[in-house]
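Secondary and tertiary structure notes
These are the residues of each chain, in order.
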Amino acid sequence: MAAEEAVNLAELRDPQHDKDRVINPRWVIILGVCTHLGCVPIADAGDFGGYYCPCHGSHYDASGRIRKGPAPLNLEAPFYEFTEEDVVIAELCLRSSLEYVFF
Ligand code: FES
């Protein structure tokens, strides 16, 4: 995750620092729904070593930030907290170019 922390925010379409998305680098908790039209990105793929959406070619980095392709926003990083070392409670809110959906 050192590479993601070093990214210049001015280069990002949806500027967000990695530290604002990842509490514990051992766990990256993001919603696997492309913010373009809602397909499921493939993990450990794409030009930035993160996620690749095969539907229309969006590339996300390992922090889930959009780096290339038509998706307008980063993959959603929900509010979450660790209640125990390996127990996470997350609140989901899906952002996309189409609508907002709250769970
Ligand atoms: S739905 Fe992912 S790039 Fe279009």
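One structure accompanies this document, and this report is about it. Predicted, not measured: the structure shown is a model, and the values here were computed from it. Going along each chain's sequence as written, the residues are numbered from 1 onward. With pLDDT at 70 or above as the cut-off, local features in this predicted model cover only qualifying residues; side-chain atom pairs require 80 or more to be listed or tallied, and sums for whole chains, interfaces and linings still use all residues. As a convention, hydrogens and water are excluded, and side-chain values are obtained from all of the structure's heavy atoms.

A few words on the pairing of strand β1 (residues 42-45). Sheet topology places β1 next to strand β2 (residues 49-53); 3 bridges connect them, and they run antiparallel. Within β2, the residue paired with A45 across the bridge is G50. Here the rule is simple: two strands pair whenever DSSP picks up at least two bridges between them. Numbered from the N terminus, helices here are DSSP runs of H or I no shorter than four residues, and strands are runs of E no shorter than two. Hairpin connection of β1 to β2: 3 residues between the antiparallel strands, including G46 at a positive phi of 95°.

Positive phi outside glycine occurs at D44, with the angle close to 55°. With respect to the element layout, D44 can be found in strand β1.

Cysteine sulfur atoms are paired as a disulfide whenever they come within 2.5 Å of each other. Here the structure, examined in full by the defined rule, presents 1 disulfide. Each disulfide pairs two cysteine sulfurs, and for C39 the partner residue is C55, the sulfurs being separated by 2.0 Å. Here C39 and C55 share a disulfide; its torsion about the S-S bond, -100°, makes the bridge left-handed. Of this pair, C39 sits in the loop between α1 (2-5) and β1 while C55 sits in the loop between β2 and β3 (58-61), and the two are 16 residues apart along the sequence.

Shape is all these values report; function is a separate question.
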